[in-house]
Amino acid sequence: MSSRLKPLPILATSLFAPGELTKEDLVRGRSAVTRLEGEFAVAVGAPFAADPPRPRNFPYALAPRGLLAAVEAGRRLEREEGPSYGLVLALSSLHSEPAYLEHVLQHRCDPQQMEEILGFAGDFPLEYVASVLGAHGPRARVDSACASGSDALILAHRWIEAGIAEDVLVVAAASMLDPVGIALFNNIHALSTEDDLTASRPFDRRRKGFVMGEGGAACWLSSRRPRQPTGYLCGHGRSMNAEKFTDMPEDLSAMEAACRAALAGTVPSYICAHGTATPGNDRCETRLYKNLFGERAHSIPVSSLKSMTGHCLGASSLMEVVVTLEALGRQQAPPTLNLHEPDPECDLDYVALEPRALSGDFALSSAFAFGGHNSALLLSADHPC
Amino acid sequence: MLKLADYRAVLAGAAPAQILDCPGVRVIEKPPASHAVSAAAEYAIAAVEELAERAAEAALYTISGSPGSCLHLFDAARKDSPDGRLVGPGFGRRRSRRIHPFALLLSLRNQVPASLSLHFHLRGPSLSTIDSAAAFADLIPAAALEIPDRPVLFVLSSASDRAEERSRNILQTGASQGLEGAIALLFSGDGELGTIARATGGEAMVLGASASSPPAADWPFSPCLEPGLGILWALSQGVPQATFEIREPGRSSYFSWNMP
């Protein structure tokens, strides 16, 4: 299960982050968490600074916000004209967006009223992003909940490895920061309900759940070398827990297997944790890294970007790839904000409050999703050979 | 290239007559709406049941269509809305709590792989894709890379013949009846039933709602199941070689079938 991959160049990355945060902002430690106005069941979230723009030629009356976020993330990606791009779109269900639900609840049995919601349906989202980005090669839409972004990157790697594409665009987006999306997660008690801009507190003793964010990211993977890469995908691993749908597992062996497959024996110099700030996740993740690295786990800097972006669900893991590459390039670990009172059960070297200098080539970026999907990536800013 | 070792299918609705002779194909009643498991996941579990032992170490590749309508889960929250909208006055503080907690789980599109993993203790790699049957052809080369290490269990599932999905399907295709269910295809290094490979085009039999020639011209609308139906048809009819075009509104993809 563990053999080091041939490092695959990531030629360019882009970010469409909440609060219009940049990669540099996130390495330095700026938060997008703000108070929410409207019919929300919780007080704070990390929304986009402005609505994702609607393309003028969008063909239907109702445009899915998540799809527009994907288009915007892809549009920001610097890329060449010419290659026959493949596309992996990590975009979760759009069917809980209020615009869709309001329309369909009212007109559910009337075929004549369905025209307006075709932008949410079937293969349209994938094909629309493909047409906007000029991706005419192999394509698929991945949805493994919060592991979608990294799973999409892995599929892109597989396509290049299998030789069916030389260049693949990976685009991830998620926008459930609306009253319905908030209600869905709040009703299973996953969200922090505090009215406090510091409510996203990964690994802190006072953490009470995650803060919802929305976001997008994109990467261009290529087996060619037409430009200086931003970084490299050096390893990946996936597994399923087969234990619980929403809670973290007691048996960490499947999570370990995914990480070991990605690491192939490498000890990373930085870990970009899943770090949701739910009590269960952060404890479980701490145990995981101790199991993986033993005593050395205590000397590996770990941080959670979700302290700044909230949890951007299916987009989060690709956003974390983008920022992790930036962190490796700058040799600076992003901070975990709001970590003032470390949980005694979360006793690793979490980079608290301020960024910190890094030394080393490799980072582990991990994602653990509802449904039991585990996905782990080994990243490097420089060619590791 | 992937070598087919075994398969099972569970279908509900007007299943194509040509594939009903295929051993391993069952026609069942549509499961009613549930608060715990989506209809698509129920189909998938039923389809994989008899393959589970052989698939224990497999990589799980899924293409999931509609999970089945979840609209009923929002009715209670909308009922007392003063303006008839779901997200109207009082939603955030009061009415939103009437959305059943399981609504999130039912609406998650990775419910099929998650349910299969939980039900059959599948712990290998998983790739969960949605809403594009045409992706099937593109996933074949990626899945083939798994084969040296483990078998691959491909599961296509959909529960699209209900409520708003049916209304939308009528608008898009004119088809007033759909076929839903799940098709499980187990591939391994020593599979002997036939092989599939991604193809790049050529003369092909069209699968999908716009098919106008045999075998799929009179098949009911069956989003996300089409590639599996094509394979079942080839098996049932003893077709030695074929190329299938999976035609969707946005694009086509192709895969070849060869029977030893």
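The shown structure was predicted, so the numbers you read here are calculated from the model rather than taken from an experiment. Per chain, the residues get numbers from 1 upward, laid out in the order the sequence is written. Whichever chain is written first becomes A and whichever ligand is written first becomes 1, with later ones labelled in order. In view of the model being predicted, local features appear only for residues whose pLDDT reaches at least 70, and side-chain atom pairs are presented and counted only at 80 or more, with totals across whole chains, interfaces and linings using the full set of residues. Side-chain numbers come from the whole structure's heavy atoms, not from hydrogens or water.

1. Side note on the overall build of chain B
Note the following rule: Labels follow the DSSP assignment, with helices taken as runs of H or I lasting at least four residues and strands as runs of E lasting at least two, numbered in each case from the N terminus. Only C-alpha atoms enter the radius of gyration; for comparison, a globular chain is expected to reach 2.2 Å times N to the power 0.38, where N is the number of residues. Only protein chains enter the calculation, and the probe is 1.4 Å; a residue is then buried if its accessible area is under 20% of its type maximum, exposed if over 50%, and partly exposed in between. By definition, residues are in contact when any of their heavy atoms lie within 4.5 Å. Note on areas: Shrake-Rupley, 1.4 Å probe, and residue coverage restricted to the protein chains presented here. In this tally, Lys and Arg are treated as positive and Asp and Glu as negative; His is ignored, and so are the chain termini. Throughout, a charge is located at the NZ atom of Lys, the CZ atom of Arg, the CG atom of Asp or the CD atom of Glu.
Across its full length, chain B carries 7 helices and 10 strands. In summary, chain B has a C-alpha radius of gyration of 19 Å against a globular reference of 18 Å for 260 residues, a match within 12%. Expressed as lengths along the three principal axes of its C-alpha atoms, the size of chain B is roughly 65 × 40 × 30 Å. Considering chain B as a whole, with its 260 residues, one finds that 63% of them fall into the buried category. Long-range contacts, defined here as pairs at least 24 residues apart, represent 75% of the contacts in chain B between residues at least 6 apart. By element, 50% of the accessible surface of chain B is carried by carbon and sulfur atoms, the whole surface being about 9,300 Å². Positive and negative side-chain charges in chain B, numbering 22 and 26 respectively, have mean positions lying 12 Å apart.

2. Overview of helix 3 (residues 98–107) of chain A
When you tally the buried positions in helix 3 of chain A, you get 8 out of 10 residues, the bulk of the element. Burial in helix 3 of chain A covers these residues: A:Pro98, A:Tyr100, A:Leu101, A:Glu102, A:His103, A:Val104, A:Leu105 and A:His107. Where helix 3 of chain A is buried, its residues contact helix 6 (179–186) of chain A together with helix 2 (72–79) and helix 6 (163–173) of chain B.

3. Brief notes about the packing of helix 5 (residues 148–162) of chain A against helix 5 (residues 135–144) of chain B
Relative orientation and spacing of two packed helices are given, respectively, by the angle between their axes and the distance between those axes. Condition: To obtain each axis, a line is fitted to C-alpha atoms, and for helices this fit is confined to the stretch in contact; angles are then taken between N-to-C directions over 0 to 180 degrees. Comment on the angle field: the value is read as roughly parallel under 35 degrees, roughly antiparallel over 145, roughly perpendicular from 65 to 115, and oblique elsewhere. Any residue outside Ala, Val, Leu, Ile, Met, Phe, Trp, Tyr, Cys, Pro, Asp, Glu, Lys and Arg is labelled polar, Gly included; the first ten of those are nonpolar and the last four are charged.
For the pair helix 5 of chain A and helix 5 of chain B, the least separation of the axes is 8 Å and the interaxial angle reads 75°. Classified by the interaxial angle, the pair formed by helix 5 of chain A and helix 5 of chain B is roughly perpendicular. Contacts between helix 5 of chain A and helix 5 of chain B involve A:Leu155, A:Arg158, A:Trp159 and A:Ala162 from the former and B:Asp138, B:Leu139, B:Pro141 and B:Ala142 from the latter. Its residues assigned to classes, the contact of helix 5 of chain A with helix 5 of chain B comprises 6 nonpolar, no polar and 2 charged.

4. Some points on the nonpolar core
Across soluble globular proteins, nonpolar side chains show a tendency to be buried alongside one another. Rules: Residue types Ala, Val, Leu, Ile, Met, Phe, Trp, Tyr and Cys, when buried and joined through side-chain atoms within 4.5 Å, form a set referred to as a nonpolar core.
Counting 182 residues, the largest nonpolar core has A:Phe185, A:Leu221, B:Phe136 and B:Phe154 as its most contacted members. The residues contacting A:Leu221, other than those within four sequence positions of it, are A:Leu8, A:Pro9, A:Ile10, A:Leu153, A:Ala156, A:His157, A:Ile160, A:Glu166, A:Asp167, A:Val168, A:Val170 and A:Leu233. With 28 residues, the next largest nonpolar core counts A:Tyr232, A:Ala262, A:Phe362 and A:Phe368 among its residues.

5. Comments concerning empty space enclosed by the protein
The cut-off we apply is this: Note on definitions: the grid is 1 Å and covers protein atoms alone; a cavity is a set of points where a 1.4 Å probe fits but cannot get out; a pocket is an open set with protein on both sides within 12 Å along at least five of seven lines; lining residues have an atom within 4 Å of a point. Grid points are joined across faces, edges and corners, and a volume is the space filled by probe spheres set on the points.
For the coordinates displayed, the defined rule picks out 4 cavities of 30 Å³ or more. In this model, the largest cavity occupies a volume close to 240 Å³. Sorting the residues of the lining of the largest cavity by element identifies strand 6 (167–174) of chain A together with helix 3 (102–107) of chain B as the ones contributing at least two each. Taken together, the residues that form the lining of the largest cavity break down as 12 nonpolar, 7 polar and 3 charged. Considered as a void within the structure, the second largest cavity measures approximately 150 Å³ in volume.

6. A closer look at the state of the cysteines
Our working rule: In what follows, a disulfide is any cysteine sulfur pair within 2.5 Å.
Taken as a whole, this structure holds 0 disulfides over all chains when the rule is applied. Counting only cysteine sulfurs, B:Cys224 is the nearest neighbor of B:Cys70, a cysteine outside any disulfide, at a range of 15 Å.

7. Observations concerning the pairing of strand 3 (residues 59–64) of chain B
Residues and elements named next belong to chain B. The condition is simple: Strands were regarded as paired on the criterion that DSSP finds at least two bridges between them.
Counting buried residues in strand 3 gives 6 out of 6 residues, a clear majority hidden from the surface. Of the two faces of strand 3, the one lined by Ala 59, Tyr 61 and Ile 63 and the one lined by Leu 60, Thr 62 and Ser 64 are each fully buried. With 6 bridges joining them, strand 3 and strand 5 (residues 152–158) adopt parallel strand pairing. Counted as the bridge partner of Tyr 61 is Phe 154 from strand 5.

8. Topic: the confidence of the model for chain B
Applicable threshold: pLDDT measures how confident the predictor is about each residue, on a scale from 0 to 100.
Averaged over all residues, the pLDDT of chain B is 93; the fraction at 70 or higher stands at 100%. Listed scores for the predicted complex are pTM 0.97 and ipTM 0.96.

9. Let's talk about the packing of helix 7 (residues 253–263) of chain A against helix 8 (residues 279–293) of chain A
Residues and elements named next belong to chain A. Applied cut-off: Crossing handedness: left-handed means the near helix sits turned counterclockwise from the far one by under a right angle, and right-handed means the same turn made clockwise.
Contact geometry for helix 7 and helix 8: axes closest at 10 Å, N-to-C directions at 50°. The orientation of helix 7 relative to helix 8 falls into the category oblique. When you trace helix 7 past helix 8, the crossing you get is right-handed. Along its contact with helix 7, which presents Met 255, Glu 256, Cys 259, Arg 260 and Leu 263, the element helix 8 presents Cys 284, Leu 288, Asn 291, Leu 292 and Phe 293. Residue composition of the contact of helix 7 with helix 8, grouped by class: 7 nonpolar, 1 polar and 2 charged.

10. Side note on the pattern of salt bridges
Note the threshold: One side-chain nitrogen of Lys or Arg within 4 Å of one carboxyl oxygen of Asp or Glu is enough to make a salt bridge.
Tallied over the entire structure, the rule returns 42 salt bridges over all chains. The shortest N-O distance in the salt bridge between A:Arg30 and A:Asp25 comes to 3.0 Å. Overall, A:Arg30 belongs to the partly exposed group, its relative accessible area being 42%. The buried category is assigned to A:Asp25, whose relative accessible area is 14%. Notably, a salt bridge pairs A:Arg207 with A:Asp343, separated by 2.8 Å at the nearest N-O pair. Here A:Asp343 lies in the loop between strand 11 (332–333) and strand 12 (356–357) and A:Arg207 lies in the loop between helix 6 and strand 7 (215–222), a separation of 136 residues in the sequence. Relative accessible area serves as the criterion here: at 9%, A:Asp343 is assigned to the buried category. Because the salt bridges share partners, they merge into one network encompassing A:Glu127, A:Arg139, B:Asp138, B:Arg198 and B:Arg251.

11. Digging into the packing of aromatic side chains
Operational definition: A pair of aromatic rings is counted whenever rings of Phe, Tyr or Trp (Trp by its six-membered ring) have centres within 6.5 Å, and the orientation is called stacked for planes under 30 degrees apart, edge-to-face for over 60 and tilted otherwise.
Per the counting criterion, the structure on display carries 17 aromatic pairs over all chains. Look at A:Tyr85 and A:Trp220: their rings are 5.7 Å apart centre to centre, the planes differ by 75°, and that puts the pair in the edge-to-face class. Of this pair, A:Tyr85 sits in strand 4 (residues 85–91) while A:Trp220 sits in strand 7, placing them 135 residues apart in sequence. Of the two residues examined, A:Tyr85 and A:Trp220, each falls in the buried class. Geometrically, the ring pair formed by B:Phe154 and B:Phe187 is edge-to-face, given 6.2 Å between the ring centres and 85° between the ring planes. Here B:Phe154, found in strand 5, pairs with B:Phe187, found in strand 6 (residues 179–187); they are 33 residues apart in sequence, far enough to count as distant. Taking the relative accessible area as the measure of exposure, B:Phe187 reaches 0% and is therefore buried.

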